[in-house]
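The primary structure of each chain is shown beneath.
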Amino acid sequence: MNNHEDDKELRALLKQAFPPIQDTELQRDLWPQMLRRMDEHPPLHVPWFDWVLAAGTVAALLIFPGAIPALLYHL
Amino acid sequence: MELLERFAAGDTDAFEGLFRQHQREVYAWIVRIVRDSGAAEDLTVETFWRIYRARDRFDPHGNFRAWMRRIATNAALDHLKRVRPETELTGDFPSPVRGDPAIRDELRRHITRAFLELPVKYRLVATLALIEEEPYTEIAQATGISVALVKVRIFRAVRMLRKKLNFLRLEAASK
């Protein structure tokens, strides 16, 4: 038997072992599940003053790099 | 503003609209890959969760369906990587009864084992092409690879399957 016939036989056997899915219809609305997922993982919201604080810290470290060891010591 | 623009801007109602419009399509695509209705439902939600989180990166003038299908395929692929092969593809979809039951079961067992041992990326493409008979262009778009690479993966999958089956036949014959 050549490879081509072998492949055809193999494909046929594969389709017998794994018949194509006939019923692909979704049985229920999944939106409630989606809402639960969204509630469990609300989008991360960082308050504006946290951004100001972070920006201030970065600016201070850029201006006074000598303060980096002191900052690390206090972390 | 169009639905896709509102979705990209973070409008939850627009997201709900897209979800309701496409959940069946996503489920139908995923269930054909993972062949398990329960897992396909979870993965449909996972797909839309990934879509929701990536909304900032979506171009409202782009092809939403193609983007969605790609994300769904990746979610299904991640699932196939996670799930142990022994429990995979058994699901709730029995095969039709044909021929001598003993021979059929033996053959089915060998084919199933060989197929499940394929590397996941080959199994995904082989499932879509050889079992579900999806066009190569659809598979290429959904997996993010070229049509040529789809053909290569199918060729390699068939070659690997043939090798494995020959080995299993030899193994069975020696017992």
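Within each chain, residues carry numbers counting from 1 in the order of the written sequence. For naming, the first written chain is A and the first written ligand is 1, with later ones following in the order written. At least 70 in pLDDT is required for a residue's local features to be given in this predicted model, at least 80 for side-chain atom pairs to be given and counted, and no such filter applies to totals for whole chains, interfaces and linings, which use all residues.

1. With respect to unusual backbone geometry
Unlike most non-glycine residues, Arg35(B) shows phi in positive territory, near 55°. Numbering of helices and strands runs from the N terminus; a helix is a DSSP stretch of H or I covering at least four residues, while a strand is a stretch of E covering at least two. Summarising the element assignment, Arg35(B) is placed in the loop between α2 (12–34) and α3 (37–53).

2. Structural notes on the confidence of the model for chain A
Predictor confidence is given residue by residue as pLDDT, running from a minimum of 0 to a maximum of 100. Per-residue confidence for chain A averages 83 on the pLDDT scale, and 87% of its residues sit at or above 70. For chain A, helix α1 (residues 3–17) of chain A is the element with the lowest average pLDDT, namely 77, and helix α2 (residues 31–40) of chain A is the one with the highest, namely 93.

3. Section: helix α4 (residues 64–82) of chain B
Residues and elements named next belong to chain B. With 19 residues, α4 should cover 27 Å at 1.5 Å per step; its first-to-last C-alpha distance of 27 Å lies within 8% of that length. Here a residue counts as buried when 20 or more other C-beta atoms sit within 10 Å of its C-beta, as exposed when there are 12 or fewer, and as partly exposed otherwise, the C-beta atoms being derived from the backbone. Turning to α4, its buried residues are Met68, Arg69, Ala72, Thr73, Ala75, Ala76 and His79. What you see down the axis of α4 is that its buried residues fit within an arc of 160°, all on one side. Seen from the open side of α4, the exposed residues pointing more than 90 degrees away from its buried face are Lys81 and Arg82. Here a helix's expected span is defined as the number of its residues, less one, multiplied by 1.5 Å. To be clear, the arc concerns the directions from the helix axis to the C-beta atoms.

4. Here's the deal with the interface of chain B and chain A
The parts lose accessible area when they come together, and the size of an interface is often stated as this lost area. A pair of residues counts as a contact when their C-beta atoms, built from backbone coordinates, are separated by no more than 7 Å. On the chain A side, the residues contacting the 32 residues of chain B number 21 residues. Looking at the side of chain B that touches chain A, the elements that each hand over two or more residues are α2, α3, α5 (101–116), α6 (120–131) and α8 (147–174) of chain B. Here the side of chain B that touches chain A takes 9 residues from α2(B), the largest share from any one element. Residue polarity follows a fixed list, in which Ala, Val, Leu, Ile, Met, Phe, Trp, Tyr, Cys and Pro are nonpolar, Asp, Glu, Lys and Arg are charged, and the others, Gly among them, are polar. Residues belonging to the side of chain B that touches chain A are distributed by class as follows: 18 nonpolar, 4 polar and 10 charged.

5. Examining the confidence of the model for chain B
With 84% of its residues at a pLDDT of 70 or more, chain B has an overall mean of 86. Our summary of model confidence lists the complex with pTM equal to 0.76 and ipTM equal to 0.76.

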